[in-house]
Amino acid sequence: MARFSSQGTGRLYPVSLNVYDLSPLNDYISWLGIGLYHSGLEVDGREWTFGSGSGSGTGVFECRPREVPGFRQAVPLGNLDMTSLNIEKTAWDLARDYPGSRYHLLTCNCNHFATELAERLGTEPVPGWVNRLAAWGAWFAWLLPRSLTGDAPVTSGGDGGRSLTTLRESTPKPTAFSGAGRNLREEASPGELAPLVPPADPGDRAAMRERAVAAALARERRQKEQAE
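Residues numbered from 1 in each chain as written. Predicted model: local features only at pLDDT ≥ 70, side-chain atom pairs only at ≥ 80, totals over all residues. Heavy atoms only, no water.

**Observations regarding helix α3 (residues 110-121)**
Along an α-helix, residues three or four apart share an orientation, since each turn contains 3.6 residues.
Okay, so step 1: With 12 residues, α3 should reach 16 Å at 1.5 Å per residue; the first-to-last C-alpha distance of 16 Å fits that figure.
Okay, so step 2: Within α3 the residues assigned to the buried category are Cys-110, Asn-111, Phe-113, Ala-114, Leu-117, Ala-118 and Leu-121. End-on view of α3: buried residues confined to an arc of 155°, all on one side of the axis.
Okay, so step 3: Against β2 (13-21), β3 (37-43), β4 (46-50), β5 (60-63), β6 (71-80) and α2 (84-95) lie the buried residues of α3.
Okay, so step 4: The N-cap of α3, judged by a side-chain oxygen 2.8 Å from the amide nitrogen of Asn-111 a few residues on, is Asn-109.
Okay, so step 5: Downstream of α3 by a residue or two, Gly-122 has a phi angle that is positive, lying close to 85°. (Helix = DSSP H or I, 4+ residues; strand = E, 2+ residues; numbered from the N terminus. Expected span 1.5 Å × (residues − 1). Buried < 20%, exposed > 50% of the residue type's maximum accessible area, 1.4 Å probe, protein only. Arc of directions from axis to C-beta. Contact = heavy atoms within 4.5 Å. Polar contact = N/O pair within 3.5 Å; in protein donor to acceptor, adjacent residues only side chain to side chain.)

This is how it looks when you write it as structure tokens:
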């Protein structure tokens, strides 16, 4: 497995793309190099992904790796020689470009986000078959109403629970995943998820970033202690 983004940290983080089936149809069409897939980028014990939402809040969130039902396979994308802090900062910075309202099933979905995050981290590229069907469908996106393309099959729920489902389980709505992955955010009550994008107030923004930095540094210290 290749080694990427060397920063001389002395620790390598394996990176993988976790791919999930959104429909049983994949069992019949995957041999064509296409399918209906959800994906999340796993690194440093967390899985980063993107879903729909309202307002200006980010649609990016993190959850436990392979937590989504319908797991199909993990695609290795190499190893990162990068600090946990820089990994989190890269995801944080990219999340600003992915508000939940931007989600589109064909032109801006979870696979687009995973592809761009992998590029920014400097890993091997995400294989084309993961999002090929959406790329083909994007040519006809203008023909489809927003009601059919604006809801993500995987989202971060706000109920504090972990009731995770997918289209494979014949849910009545296109929004088939209603999880509660942990967002990059300041502490919020179980029924209210604060957005990852920092609030407009400069003081709140600085405090949020300081907490994120402190958390990342604490993880680094624990990892060093375990290594010793």
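**Let's talk about the environment of Tyr-13**
Okay, so step 1: As for its position among the elements, Tyr-13 is in strand β2.
Okay, so step 2: Note on Tyr-13: relative accessible area 4%, which makes it buried.
Okay, so step 3: Considered as a pair, Tyr-13 and Thr-83 are 70 residues apart in the sequence and their alpha carbons are 8.9 Å apart.
Okay, so step 4: Once you skip the residues sitting within four places of it in the chain, Tyr-13 turns out to touch Val-43, Asp-44, Gly-78, Asn-79, Leu-80, Met-82, Thr-83, Ser-84, Ile-87, Glu-220 and Gln-223.

**Thoughts on a nonpolar patch on the surface**
Okay, so step 1: Together, Leu-25, Tyr-28 and Leu-36 give the surface a local cluster of nonpolar side chains, amounting to about 310 Å² of exposed area.
Okay, so step 2: Relative to the helices and strands, Leu-25 is located in the loop between β2 and α1 (26-29). (Patch = residues over 30% accessible without salt bridge, like charges linked within 9 Å, V, L, I, M, F, W, Y side chains within 5 Å. Areas by Shrake-Rupley, 256 points an atom, 1.4 Å probe, with all protein chains shown as cover. Salt bridge = Lys/Arg side-chain N within 4 Å of Asp/Glu carboxyl O.)

**A short note on the nonpolar core**
Okay, so step 1: Residues Leu-17, Leu-41, Leu-77, Leu-80, Phe-113 and Leu-117 are the most contacted members of the largest nonpolar core, which totals 28 residues.
Okay, so step 2: Secondary structure elements with two or more residues in this core: β2, β3, β4, β6, α2 and α3.
Okay, so step 3: Ranked by residues supplied to this core, first place goes to α3 with five residues.
Okay, so step 4: Leu-41 has contacts with Val-15, Ser-16, Leu-17, Arg-46, Glu-47, Trp-48, Leu-77, Ala-114, Leu-117, Ala-118 and Leu-121, leaving out every residue within four places of it along the chain. (Core = buried A, V, L, I, M, F, W, Y, C linked by side-chain atoms within 4.5 Å.)

**With respect to the pattern of salt bridges**
Okay, so step 1: Scanning the entire structure with this criterion turns up nine salt bridges.
Okay, so step 2: The salt bridge involving Asp-44 is made with Arg-46; its shortest N-O contact spans 3.5 Å.
Okay, so step 3: Asp-44 gets classed as buried once you look at its relative accessible area, which sits at 15%.
Okay, so step 4: On the basis of relative accessible area, Arg-46 is assigned to the buried category, the value being 7%.
Okay, so step 5: The salt bridge partner of Glu-88 is Arg-46, with a shortest N-O separation of 3.4 Å. Of this pair, Glu-88 sits in helix α2 while Arg-46 is found in strand β4, placing the two residues 42 residues apart along the sequence.
Okay, so step 6: Classification of Glu-88 by relative accessible area gives buried; the value is 6%.

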